[in-house]
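# Summary of the model geometry
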Amino acid sequence: MKLFNYSKKAKWYLTEKFLRICFNLINRKIKYPLIETLDRYFAGIDTVIHVGAHLGEERLSYLRRNLSVYWIEASSKLFPLLEHNLRNYHKQKAINALVHSEEGKTLDFNMTNISASSSILLPIDSWPVPNIRVEISEKMLTRKLSSLIDEGEILISSSNLLIVDTQGTEYDVLIGAEQYLKDFSVVIVESQDFELYQGQIQTHEIERFMSSQNFILAEKNVWASTQNGKQNCYELIFEQSH
């Protein structure tokens, strides 16, 4: 049964994600459409921190903008592939870390048969893609984004943009940015207004937290919804309130 309706933009995204994985095998270059539509938010940006890197699918768009990029990926299985994909992108750095709200906490990172859906949270039983399953769990120590910056793993600039797409743990990543959250001009977050992963923090809580940190919600784009339209997946775009 089809559980989700996808927006036109998201259909491009999902198709692109699949094609990019295939085309990477033959070194073809294609664009990543969701990021390509966000030019105004990248105006004046020097540095991007992308938490939830997967395979670095957006690297060509970042290269076009001549950005310094820090890709953070938790999976030790995917990380070598990410590093390989970035081998010729000299302003883009890969970091293998499980970013969270706490430092040094041991958690299970669950690798699923759909690698882009891996998380420390388990998918709900009625997940929209049939037969999703956890193939392996690896114990990892968590890192806070603020610690990675303090230790010099990440060098922020005077104009930074943060992207968080961590399969249900986006709120934890934002909490762990601590005092550095104010150094980001733009923050882009993937979220849902329903439980896609067990125990995840949903959209309204993320919006409330970002508002408390002096950010305004500039855009709230639905990229997928359930058949009845009552449950949605969002791309939230926040800007610093001046």
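Structure: above.
The following paragraphs examine the structure supplied in this document.

### What about the pairing of strand E3 (residues 68-73)?
Across the 6 residues that make up E3, a large majority, 5, are buried. Where strand E2 (residues 47-51) and E3 come together, 5 bridges link them in parallel fashion. Looking across to E3, one finds that Val 51 is bridged to Ile 72. In this view, the connection linking E2 to its parallel neighbour E3 by way of helix H4 (residues 59-64) has right-handed handedness. Pairing geometry for E3 and strand E4 (residues 92-96), over 5 bridges, is parallel.

### Here's the deal with the packing of aromatic side chains
Evaluation of the coordinates by the stated rule reveals 3 aromatic pairs. On the numbers, 6.3 Å between centres and 45° between planes, the contact of Phe 42 with Tyr 62 is tilted. You can see Phe 42 sitting in helix H3 (residues 39-42) and its partner Tyr 62 sitting in helix H4, a full 20 residues away along the chain. For Tyr 62, a relative accessible area of 0% gives the class buried. Plain terms: the ring middles of Tyr 171 and Phe 209 are 5.6 Å apart, the flat faces sit at 70° to each other, and that makes the pair edge-to-face.

### A few points about the side chain of His 54
Note on placement: His 54 falls in the loop between E2 and H4. Judged by its relative accessible area of 6%, His 54 falls in the buried class. A polar contact of 2.5 Å, which involves the side chain of His 54, links it to the side chain of Glu 57.

### With respect to the environment of Arg 87
As for its position among the elements, Arg 87 is in the loop between helix H5 (79-85) and E4. Among the polar contacts made by the side chain of Arg 87, one reaches the main-chain carbonyl oxygen of His 84 at a distance of 2.6 Å.

### Considering the environment of Gly 104
Considering the arrangement of structural elements, one finds Gly 104 in the loop between strand E5 (98-99) and strand E6 (106-112). Given a relative accessible area of 44%, Gly 104 falls into the partly exposed group. A sequence separation of 39 residues divides Gly 104 from Arg 143, and the C-alpha atoms of the two residues are 6.1 Å apart. Apart from residues no more than four positions distant in its own chain, Gly 104 is found in contact with Leu 141 and Thr 142.

### Details of the nonpolar core
Ranked by size, the top nonpolar core spans 28 residues in total, and within it Ile 72, Leu 162, Leu 174, Leu 181 and Val 187 carry the most contacts. Within the residue set of this core, elements represented by two or more residues are E2, E3, helix H6 (145-150), strand E8 (160-164), helix H7 (170-177), strand E9 (184-192), helix H8 (203-212) and strand E11 (232-240). Other than its neighbours up to four places away in sequence, Leu 181 contacts Leu 162, Leu 174, Val 187, Phe 209, Met 210, Gln 213, Phe 215 and Gln 240.

### So, the sheet that holds E5
Sheets are built from strands that pair by backbone hydrogen bonding, the pairs being arranged parallel or antiparallel. Taken in spatial order, the 3 strands line up as E5-E7-E6 in an open sheet, and their pairing is mixed. The outermost strands of the open sheet, each flanked by one partner alone, are E5 and E6. Pairing of E6 with strand E7 (residues 134-143) involves 7 bridges; the strand directions are antiparallel. For Asp 108, the partnering residue across the bridge sits in E7 and is Lys 139.

Conventions and cut-offs
Residues numbered from 1 in each chain as written. Predicted model: local features only at pLDDT ≥ 70, side-chain atom pairs only at ≥ 80, totals over all residues. Heavy atoms only, no water. Buried < 20%, exposed > 50% of the residue type's maximum accessible area, 1.4 Å probe, protein only. Helix = DSSP H or I, 4+ residues; strand = E, 2+ residues; numbered from the N terminus. Pairing = 2+ DSSP bridges. Right-handed = clockwise from strand over helix to strand, strands pointing away. Phe/Tyr/Trp six-rings, centres within 6.5 Å; stacked < 30°, edge-to-face > 60°. Polar contact = N/O pair within 3.5 Å; in protein donor to acceptor, adjacent residues only side chain to side chain. Contact = heavy atoms within 4.5 Å. Core = buried A, V, L, I, M, F, W, Y, C linked by side-chain atoms within 4.5 Å.

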